[in-house]
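# Chains, contacts and geometry: an overview
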Amino acid sequence: MLILPLILLVSFPSFSLSQYQYSINRPKPKLPPFKFPTQYKELVRVFEWKNIQYGFPSEQERQEVLRNGHYNPDSPIPIDIDVYYPQNGGPARYFITTPRFGQGVPYSLAYVTSFQGANGTEVQAYPSYQWHSSHGRNCDGLTSVYRVHIDACGQMWILDSGEIEFVQHCAPQVVVIDLATDQLIHRYRLPSTSFKAGVSRFVNILVDIRDPPPQGQCKDVFAYLADPTSKAIVVYDVLGQQSWRVENKFTYPDAKFGTHTVAGESFELLDGPLALAVTPLGLGLRRHLIFHALSNELELAIPLDVLNNATNWQKGLASSLSEFVTLGRRGVQCASHAISRQGFLFCGFLDPIGIFAWDIRSPYNPQNVQLVALNPETLQFVSGLKIVSRPSDGREELWLFSNRLQKIFAGTIDYTEINYWVLRCDVDDLLQGRGCF
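Every residue gets a number counted from 1 within its own chain, in the order that chain's sequence is written. Reporting in this predicted model follows two pLDDT cut-offs: at least 70 for local features of residues, and 80 or more for side-chain atom pairs to be given and counted; totals over whole chains, interfaces and linings ignore these cut-offs and use all residues. Side-chain metrics rest on all non-hydrogen atoms present in the structure, leaving aside hydrogens and water.

### Quick word on the layout of surface pockets
Rules: Only protein atoms enter the calculation, which uses a 1 Å grid: trapped sets of points that fit a 1.4 Å probe without letting it out are cavities, open sets showing protein on both sides within 12 Å along at least five of seven lines are pockets, and any residue with an atom within 4 Å of a point is a lining residue. Grid points are joined across faces, edges and corners, and a volume is the space filled by probe spheres set on the points. Each helix corresponds to a stretch of at least 4 residues labelled H or I by DSSP, and each strand to a stretch of at least 2 residues labelled E; elements are numbered beginning at the N terminus.
In this structure, the largest pocket occupies an estimated 1,300 Å³ of space. Surrounding the largest pocket, 46 residues form its lining, His149, Ile150, Asp151, Ala152 and Ile387 being those nearest its centre. Where the lining of the largest pocket is concerned, the elements lending two or more residues are strand S3 (80-84), strand S7 (145-150), strand S13 (204-209), strand S19 (273-278), strand S23 (334-339) and strand S27 (381-389). Among the elements that make up the lining of the largest pocket, the one with the highest residue count is S27 (seven residues). Taken as a whole, the second largest pocket holds about 480 Å³ of empty space. Lining the second largest pocket are 22 residues, and of these Phe101, Tyr146, Leu269, Asp271 and Phe409 lie nearest its centre.

Encoded structure:
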């Protein structure tokens, strides 16, 4: 059983962010290796699939999309998970995304049902099948959803890249659905100044609610959109109804980390920003966006008060360079990350294949980045990772989606085996070395 050092579990006084947390950390060129135990902790397996088990409005529709090529059972690659716990205590709802990397994805945002099929639990289109069925011909629907973010007011923020098989059919957009009614409540289509046509591919969305419940109404919101193929982060001011690009040397990948090796198989991907998290409210720290490129070892930060001011980004590549902070380097890639309200940032490393946690009030180095779960089978590529709060008791859960992306790239995936997992664990249980229940 792994127990984190006591220093990670005790309360911290309120420190000045500039003095303690986000002082410029000049990483050493050679770092000691991460230490991890020979025994690993099992996260709870909530859902498993050999291949995604799609449901359709009718058998006739299923046969039709199979005939016209809009459904190829081997085409969908699921990458994200988010969970909604209704405030009234109703049953949890689980949502997954399968972007339209190819033509054979019938819909790219779904909820998980209770029906068990041959390949795993069946999913159904969300908000409805009609939102997806035009396959890019109707830009008022959803074209290709990479990731979603469910906020504290029960709103799902959907990031739609507008692409199918890397061809832009519609402008990238942010769509917001009220989960209590499953109705559209907001839509924002990115203007041409916020993306590069034919280059941009928006793959992640993080929403910062500055007026959270119970006092707030989730109206004062900034959304951050990761665009790794054009090496940028787009900031969307929801109240101001404007967006702007942040692109510079800090948002670029590092060629040395363009080769991704997972479980002995490698693929090439030179991507910019992917993982996004913000310093939680209530820690007494100046709030930052913490981010990293998929193809880079650096963990970086930028103050939110700088990031959220559009006038700071009018000089293009030279804008606000002195405000970026290098927190540290890990020597390996990790994909998605998420941060708990107590300031613990979780990320899935590619080598060793596990989940690591870091207290953001400590320096980012191998001594403070601690392994909390290790499983070379189920954690191979953690493409989706969320912190979800349970209304019943206020406790936080870590939810993640894991796949075998390296096998998909290599063409070695075997659909007679389990390839996709949704896993969870109570955050406090994970940090304190208790089992996941």
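### Comments concerning the sheet that holds strand S15 (residues 232-237)
Quick reminder of the rule: Whether two strands pair depends on DSSP finding at least two bridges between them. Note on method: axes are straight lines fitted to C-alpha atoms, helices fitted across the in-contact stretch only, with angles between N-to-C directions ranging 0 to 180 degrees.
On the basis of which strands lie adjacent, the open sheet formed by four strands has the order S13-S14-S15-S16 and antiparallel pairing. Strand pairing shows two members of the sheet lacking a second neighbour, S13 and strand S16 (242-246), which therefore form its edges. Put simply, the sheet's adjacent strands are angled 20° from each other on average, direction ignored. Here S15 pairs with S16 via five bridges, running antiparallel. The residue of S16 that forms the bridge with Val235 is Trp244.

### Let's talk about the environment of Thr326
With respect to the helices, strands and loops of the structure, Thr326 is situated in strand S22 (residues 325-329). As for Thr326 and Ala301, which are separated by 25 residues in sequence, their C-alpha atoms are 6.7 Å apart.

### A few points about the sheet that holds strand S4 (residues 93-97)
The five strands lie next to each other as S2-S6-S5-S4-S3, forming an open sheet whose pairing is mixed. Edge positions in the sheet fall to strand S2 (53-54) and S3, since each of these pairs with one other strand and no more. Bridging between S3 and S4 involves five bridges; their strand directions are antiparallel. Of the residues in S4, the one forming a bridge with Asp80 is Thr97.

### With respect to the pairing of S23
Stated formally: Any residue under 20% of the maximum accessible area for its type is buried, any over 50% is exposed, and the rest in between are partly exposed; the area is computed with a 1.4 Å probe on protein chains only.
Burial analysis of S23 places six of its six residues in the buried class, the great majority of the element. Where S23 and strand S24 (residues 344-349) come together, four bridges link them in antiparallel fashion. Directly across from Ala338, in S24, lies its bridge partner Phe346. Counting the residues that bridge the hairpin from S23 to S24 gives four residues, and of these Gly343 lies at a positive phi of roughly 90°.

### Observations concerning the state of the cysteines
For clarity, the cut-off: Pairs of cysteine sulfur atoms within 2.5 Å are what we label disulfides.
Taken as a whole and judged by the stated rule, the model has four disulfides. Residue pairing for Cys153: its cysteine sulfur links by disulfide to Cys218, the two sulfurs lying 2.1 Å apart. On the sign convention where negative means left-handed, the S-S torsion of about 85° between Cys153 and Cys218 marks this disulfide as right-handed. Residue Cys153 is found in the loop between S7 and strand S8 (155-160), and its partner Cys218 is found in the loop between S13 and strand S14 (221-227); the two are separated by 65 residues along the sequence.

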